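Examining the three-dimensional arrangement
Here's the letter readout for the chains.
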Amino acid sequence: MNRMKLPLLTLALAATTVLAQGTSEKRIINIQGAPRGDLRTGPLTFSGNPVKATVSSLQIQAAQATLAAPPGTPLTTAKGKRTASFKDNVLVTRGRLTAKGGQLAYNEATGQGVMSAGPTATFVPEDKSSGDTVNISATQMSLDVDNNVSTSTGNVRLTNGNQSGRADRLIFDEDRELAQLTGNPTLTRAAKGNQKELTITAQEVRARTAANTLYVRGGVRLVQGTLTTTGNAVYYDDKKNVAYVVGNAVSVDSKSKVTVRAPASGYLEQRTDLARVRALNSAYQIPTEQFKLRTE
């Protein structure tokens, strides 16, 4: 093919491509560079140093990229149904999020970009002077272009300052700086000063990464030194070093053999800096609205 005619053919391809019904324009991917392959039927391959692409607010870089249409569909009429694959040194940025991995598969129909081959991500707080960078690693990481939400699955690891979490699944809402861990989640607050390490397990952990607060629910268990506290739900403020435990709350000190139980209408307050637990005979309402994902 005459390379001088390539820009004209590319413009013709763009002009004749029809957006698939029900597909948002923001899901359409644009890959820079001169492709190789049949411009009408595809697939098209791109290489560069690096290849660059954009889709909605995502900026993508990689060593190689391929753009393809569904089987039996010409590339010229597949806009909104195309798939793009990137491999080798894949870098994705969106606002304060940066993700890296060996491969990225993007689908215009779903608006999902799935990273694999050792994906990791970092999220920088808006106020760097008072917040910590969030670091995420997993087996697979999916970025949704319809909203600023990512979903990580498989051997998930999350660190945020002196807090670290493990789970099977993590949803991270970048706008709300909110992480939801499910699937055997464990969260550990490292020892600091005179405070011993604190480990929290439950069915679900939600963390506001900028505020360093947690909402934990479902068979909650807090272990710190010789203290083990259990309950139905917990609100924990790491900056204030206090946990509020509600619903059948009980705390046992294996060393002193002291047991503290919350009254039927009350809750337990655990000071993690003082290793002290007290029962309060009043209702405590966890501010659950602060922990709602935008997708809920």
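If you're wondering where the values come from, they're calculated on a predicted model, not measured in any experiment.

Digging into the overall build of the protein chain
From N to C terminus, the protein chain includes 1 helix and 22 strands. Here the C-alpha atoms of the protein chain give a radius of gyration of 24 Å, more than 25% beyond the 19 Å that 2.2 N^0.38 yields for 296 residues. Summarising its shape, the C-alpha atoms of the protein chain cover approximately 85 × 35 × 30 Å along the three principal directions. A buried classification covers 45% of the 296 residues belonging to the protein chain. Expressed as a percentage of contacts within the protein chain between residues at least 6 apart in sequence, the contacts between residues at least 24 apart total 44%. Accessible surface, the protein chain as shown: approximately 14,500 Å² in total, 48% of it carbon and sulfur. Positive and negative side-chain charges in the protein chain, numbering 36 and 23 respectively, have mean positions lying 3 Å apart.

Some thoughts on the nonpolar core
In this structure, I29, I31, F86 and V92 are the most contacted members of the largest nonpolar core, which totals 60 residues. Sequence-distant contacts of F86, that is, excluding residues within four places in its chain, are made with I29, I31, A53, I60, A62, Q64, A65, G102, Q103 and L104. Listed in part, the 14 residues of the second largest apolar core include I171, Y215, L280 and F291.

Structural notes on the UniProt feature "domain: Organic solvent tolerance-like N-terminal" (unreviewed entry) in the protein chain
UniProt's entry tags residues 135-256 with the feature "domain: Organic solvent tolerance-like N-terminal" (unreviewed entry), counted in the numbering of this structure. End C-alpha atoms of residues 135-256 are separated by 38 Å, and the span's content is 0% helix alongside 66% strand.

Side note on the pairing of strand β13 (residues 186-189)
Bridge analysis of strand β11 (residues 163-173) against β13 gives 4 bridges, and the strand direction is antiparallel. Note on β13: the bridge partner recorded for Q163 is R189. As defined by bridge partners, β13 adjoins strand β14 (residues 198-201) across 4 bridges and the pair is classed as antiparallel. Bridging from a neighbouring strand, T186 pairs with T201 of β14.

What to know about the pattern of salt bridges
Counted under the stated rule, the structure contains 15 salt bridges. The shortest N-O distance in the salt bridge between D273 and R271 comes to 2.7 Å. Using a relative accessible area of 25% as the deciding quantity, one classes D273 as partly exposed. Residue classification places R271 among the partly exposed residues on the basis of a relative accessible area of 23%. A single network of salt bridges, built from pairs that share partners, joins E204, R206, R217 and E296.

Brief notes about the side chain of D238
Mapped onto the secondary structure, D238 falls in the loop between β17 (227-237) and β18 (242-246). Among the polar contacts listed, one links the side chain of D238 to the side chain of R189, at a separation of 3.4 Å. Polar contacts involving the side chain of D238 include one to the side chain of Y236, which spans 2.8 Å. Each residue touching D238, except ones within four places of it in the same chain, is listed here: N162, Q163, R189, K192 and N212.

Here's the deal with the pairing of β14
Residues L198 and I200 point to one face of β14 and are all buried, whereas T199 and T201, pointing to the other face, are not buried. As paired elements, β14 and strand β16 (residues 213-224) share 4 bridges and run antiparallel to each other. When the sheet's bridge partners are listed, I200 is paired in β16 with L222.

What about unusual backbone geometry?
Following G42, the chain continues to P43 via a peptide bond in cis, the omega torsion being -5°. Within the element layout of this structure, P43 appears in the loop between β1 (30-31) and β2 (44-55). Backbone torsion omega between N49 and P50 reads 0°, so that peptide bond is classified as cis. Of note, P50 is situated in strand β2. Although it is not a glycine, K257 sits at a positive phi angle of roughly 65°. Within the secondary structure, K257 sits in the loop between β19 (250-253) and β20 (259-261). Of the residues examined, K257 reaches a relative accessible area of 66% and is grouped as exposed.

Analysis parameters
Residues numbered from 1 in each chain as written. Predicted model: local features only at pLDDT ≥ 70, side-chain atom pairs only at ≥ 80, totals over all residues. Heavy atoms only, no water. Helix = DSSP H or I, 4+ residues; strand = E, 2+ residues; numbered from the N terminus. Rg over C-alpha atoms; globule rule 2.2 N^0.38 Å. Buried < 20%, exposed > 50% of the residue type's maximum accessible area, 1.4 Å probe, protein only. Contact = heavy atoms within 4.5 Å. Areas by Shrake-Rupley, 256 points an atom, 1.4 Å probe, with all protein chains shown as cover. Lys, Arg positive; Asp, Glu negative; His and termini not counted. Charge placed at Lys NZ, Arg CZ, Asp CG, Glu CD. Core = buried A, V, L, I, M, F, W, Y, C linked by side-chain atoms within 4.5 Å. UniProt positions renumbered as here; feature names shortened; annotations may be inferred. Pairing = 2+ DSSP bridges. Salt bridge = Lys/Arg side-chain N within 4 Å of Asp/Glu carboxyl O. Polar contact = N/O pair within 3.5 Å; in protein donor to acceptor, adjacent residues only side chain to side chain.

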